[in-house]
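# Structure at a glance
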Amino acid sequence: MSSTSLRSRGSVTARGIALLAASSLVLAACGGGADDPKKDDAAASSDAAGGAGTGAAGERDLTLKVGTVLPQTGNLAFLGPPEEAGVMLAAQDINEADAGIKVEVTYGDSGDTDNKAYATTVPQLLNAGVSVIVGAASSGVSKLFLDEVTAAGVLMISPANTSPDFTDWNDQGLYWRTAPSDLLQGEVLGNLVASDGRETVGILYINDAYGTGLEAAFKEAYEAAGGKVVASESYNVGDTTFDAQLSSLTAAAPDAMVLITFDEIKTILPALGQAKVDTSKLYFVDGNIADYSETMKKPSLKGSKGTQPGPALADDFLERMNTAWIDSGKKELTDLNYAGESYDAVILTALAALAANSTDGKEIASKMQEVSGGSGEGEKATEFKAAAKIITDGGVVDWDGPSGPVTFNDKGDPTEATIGIYEYQDDNSLKRIN
C-alpha cells in the first residue's frame, strides 16, 4: 500500500491527489512554533513530570478514572456501540494485566448538538473526579465542552473528532485525538471520486464543524484532480426534511453525489430512491457509512462507495471486543467505526499515566506524545502488558495499536493514519476494497 506525505497541516499536496491507491497516508509531523500555546503548555507539564523520554523504573499503584462522552443518543448513536466496546476492551486488558494501574470507566452520553446530552454528562464526570474524558465522537459536540474539560485540568481524547479546527485549539496541551484530521479523509475521498471517472458531483453536507470541514477538504482535493462541484447544499442539525436540498442537487444533474451526513442518511437515502436518483453512484463518509443489510433493503446501494478512517481490524481483536461487549449484556456489534481508535485512546492514556506515575491530567498529557512514539525513540509494543513492563522497567514505550501507529505530534494530532475505502454489495452490506 502506497503512502503520501502532507507537507503541512493546512494544505493537501497535488501529489497525493494523483494516487488513488494511497489509502494509507503519513502526515508530516510538523510542530507548532514558539507561540503555539499547546506546545508551550505541554512542554511545561513535561518538565513538571520529569521530562520527556525519562522512564522511571519501579512499581506503580495507580487508579485511573475514565469517563466517556460518546453517542448513546442523537444523530451519531450508531457510533456509540463500537466506540464504547473499544473502551470496554481496553479497560479489560489494562485491568487483567495487573501492571500497576487499574482503570475505572464511567460511561456517559454525548448526544448531539440538538439534544445536548453532554451538558448533563460532562459536569457529572468532572464532579466524579475523572482524570480522562474519552469523547466526543462529533467534532461539533466536542467544541461545546472542550474548554470546560481543559479548564478543569482534565485530559480529553477523542476517538473520532476529525475537524481540522482542533489542530490549533488553545487547549492547554490537554486535548488529543486518535482519529486523523479530515484533511486526510477529504483528500482520499476526492481522489476516489475523481479516479472513478465522476466529472461532476453534488454535495449534501451537515452544517457543523464536521460537515463544513470535510466538505471543504473534499472539494479542494476533487477540484485539484480536475472534477467540478456543480451543487453543494447544507442542512442543519435537527432537520428532518431535505426536499429543497435534494431538489437543488438533482436539478444540477451531477455524475455522482457525496453525502456528508450523520444518521439523517436514513431519511435521505429513501428520498433519493423515490426521486429516481442512481443510488449506485453515491459516496459516503465516516459519519454515515454503515452496514445497511438489515436495516435498509431499499434503495439498493450496490456499487456506491465510501471512506472510513482506520485500518482493517484483526480477527482476534474483533472477537475479543465482541465477546466483552456481549458479556456486558449488549447485542453483537454490526458496525465497527472507530472501535480501534477508542481502544487506543484508553490504552495510550493509561500508558502515559504509568510513564508519569500520576493520574493528574496535565502530567498524563506530558507523556502522551512519548508513549505514542511521537518522541523519545521508544520500544515498540502492541500488547498492553508488554508495553507497561517497558515503562516500569525504566524504558520508553512506543505503542502501536489496532488503529495504527498513531504517533502524536505536539499538537495532539496523529501523524500516521489509514483511510479505508469501502463498496456496497448486493444486500447493502459493506466490503473493504482498499
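Residues numbered from 1 in each chain as written. Predicted model: local features only at pLDDT ≥ 70, side-chain atom pairs only at ≥ 80, totals over all residues. Heavy atoms only, no water.

## Looking at the sheet that holds strand E7 (residues 175–177)
Think of a sheet as strands paired side by side through backbone hydrogen bonds, with each pair either parallel or antiparallel. This is how the line gets drawn: Pairing between strands is defined by DSSP: at least two bridges between the two strands are required. Here a strand is any run of E in DSSP of at least two residues, a helix any run of H or I of at least four, and the numbering for each starts at the N terminus. Think of each axis as a best-fit line through the C-alpha atoms, taken over the contacting stretch in the case of a helix, with angles from 0 to 180 degrees between the N-to-C directions.
Strand order in this open sheet of five strands is E4-E3-E5-E6-E7, and the pairing throughout is parallel. Two strands lie at the open edges of the sheet, namely strand E4 (101–109) and E7, each paired on one side alone. Each strand of the sheet is rotated relative to its neighbour by a mean of 25 degrees, with strand direction disregarded. When strand E3 (residues 62–70) meets E4, the two strands line up parallel, connected through nine bridges. From the neighbouring strand, Thr63 faces E4, where its bridge partner is Lys102.

## Things to note about the nonpolar core
Among soluble globular proteins, nonpolar side chains are generally buried collectively. We count it as follows: By convention a nonpolar core is built from buried Ala, Val, Leu, Ile, Met, Phe, Trp, Tyr and Cys residues, the set being connected through side-chain atoms within 4.5 Å. Note on classification: 1.4 Å probe, protein chains only; a residue is buried when its accessible area is under 20% of the maximum for its type, exposed when over 50%, partly exposed between these limits. Note on contacts: a residue pair is in contact if any heavy atoms of the two residues lie within 4.5 Å.
Judged by nonpolar contacts, the single largest core of 53 residues is most densely connected at Ile101, Leu155, Ile157, Leu351, Met368 and Phe384. Top element by residues in this core is helix H11 (residues 339–356). It accounts for 12 residues. Here Phe384 is in contact with Asp93, Ile94, Ala97, Ala99, Ile101, Ile347, Ala350, Leu351, Leu354 and Trp399, once residues within four sequence places are set aside. With 52 residues, the next largest nonpolar core counts Val229, Leu249, Leu282 and Phe284 among its residues.

## Thoughts on the packing of H11 against helix H14 (residues 384–392)
What counts is decided by this rule: Angles are sorted into four bins: roughly parallel if under 35 degrees, roughly antiparallel if over 145, roughly perpendicular if 65 to 115, and oblique for all others. Here is the rule for handedness: rotate from the far helix to the near one, and if that takes an anticlockwise turn smaller than a right angle the crossing is left-handed, while a clockwise turn gives right-handed.
Their axes nearest at 9 Å, the elements H11 and H14 cross at an angle of 20 degrees. On the basis of their axis angle, the class for H11 and H14 is roughly parallel. The two elements H11 and H14 cross, and the hand of that crossing is right-handed. Counted together, Ile347, Ala350, Leu351, Leu354 and Ala355 of H11 and Phe384, Ala387, Ala388 and Ile391 of H14 form the full contact between these two elements.

## With respect to the confidence of the model for the chain
We count it as follows: pLDDT gives the predictor's per-residue confidence on a scale running from 0 to 100.
Mean pLDDT over the chain: 89, with 87% of residues reaching 70 or higher. Across residues 1–22, confidence stays below pLDDT 50; counting only partners more than four residues off in sequence or on other chains, it has 60 contacts. Per-residue pLDDT stays below 50 along residues 42–53; that stretch engages in 16 contacts with residues further than four places along the chain or on separate chains.

## A look at the packing of aromatic side chains
Formally: What counts as a ring pair is set by centres within 6.5 Å for rings of Phe, Tyr and Trp (its six-membered ring), and what kind of pair is set by the plane angle: stacked under 30 degrees, edge-to-face over 60, tilted for all other angles.
Applying the stated criterion across every chain, the model contains 10 aromatic pairs. Geometrically, the ring pair formed by Tyr235 and Phe242 is edge-to-face, given 5.0 Å between the ring centres and 80 degrees between the ring planes. Taken together, the ring pairs connect Phe166, Trp169 and Tyr175 into an aromatic cluster.

## Re helix H10 (residues 315–327)
What counts, and what does not: Helix span is expected to be 1.5 Å times the residue number reduced by one. It is the directions from the helix axis to the C-beta atoms whose arc is reported.
Between its first and last C-alpha atoms H10 spans 18 Å; for 13 residues at 1.5 Å apiece the expected length is 18 Å, and the two agree. Those residues of H10 that fall on the buried side of the exposure criterion are Phe317, Leu318, Met321, Asn322, Ala324 and Trp325. The arc that holds every buried residue of H10, seen down its axis, measures 160 degrees, which confines them to one face. Facing away from the buried surface of H10 by more than 90 degrees, the exposed residues are Asp315, Asp316, Glu319 and Asp327. At its buried positions, H10 is contacted by helix H3 (80–97) and H11. One or two residues past the end of H10 sits Gly329, with phi positive at roughly 100 degrees.

## Here's the deal with the side chain of Glu215
Here is the rule: In this count, Lys and Arg are taken as positive residues and Asp and Glu as negative ones, while His and the chain termini are left out. Only one rule defines a salt bridge in this text: a Lys or Arg side-chain nitrogen within 4 Å of an Asp or Glu carboxyl oxygen.
Turning to its location among the elements, Glu215 is positioned in helix H7 (residues 209–224). No salt bridge is formed by the buried Glu215, whose closest oppositely charged neighbour, Lys219, lies at an N-O distance of 5.0 Å. Beyond its immediate stretch of four places on either side in the chain, Glu215 contacts Ile203, Tyr205, Ser232 and Ile260.

## Looking at the pairing of strand E5 (residues 132–135)
Remark: a regular strand shows side chains that alternate across the two faces of the sheet. Selection criterion: Classification remark: right-handed applies to a crossover when, strands pointing away from the viewer, the course from the first strand over the helix to the second runs clockwise.
Sheet topology note: the E3/E5 ladder contains four bridges and is parallel. Counted as the bridge partner of Thr68 is Val134 from E5. Summarising the sheet, E5 and strand E6 (residues 155–158) pair through three bridges and their orientation is parallel. Residue pairing across strands places Val132 opposite Leu155, the latter belonging to E6. Crossover connection from E5 via helix H5 (residues 139–151) to parallel E6: handedness right-handed.

## Some points on the packing of helix H6 (residues 182–195) against H7
Keep this limit in mind: In the scheme used here, Gly and all other residues not listed as nonpolar or charged are polar, with Ala, Val, Leu, Ile, Met, Phe, Trp, Tyr, Cys and Pro taken as nonpolar and Asp, Glu, Lys and Arg as charged.
Where H6 meets H7, the axes come as close as 7 Å, and the angle between the chain directions of the two elements is 45 degrees. Accordingly, the angle class assigned to the pair H6 and H7 is oblique. Once H6 is placed against H7, the crossing between them reads as right-handed. On the side of H6, the interface is formed by Asp182, Leu183, Gln185, Gly186, Glu187, Leu189, Gly190, Val193 and Ala194, while H7 contributes Tyr210, Leu214, Ala217, Phe218, Ala221 and Tyr222. The class makeup of the residues in the contact of H6 with H7 is 10 nonpolar, three polar and two charged.

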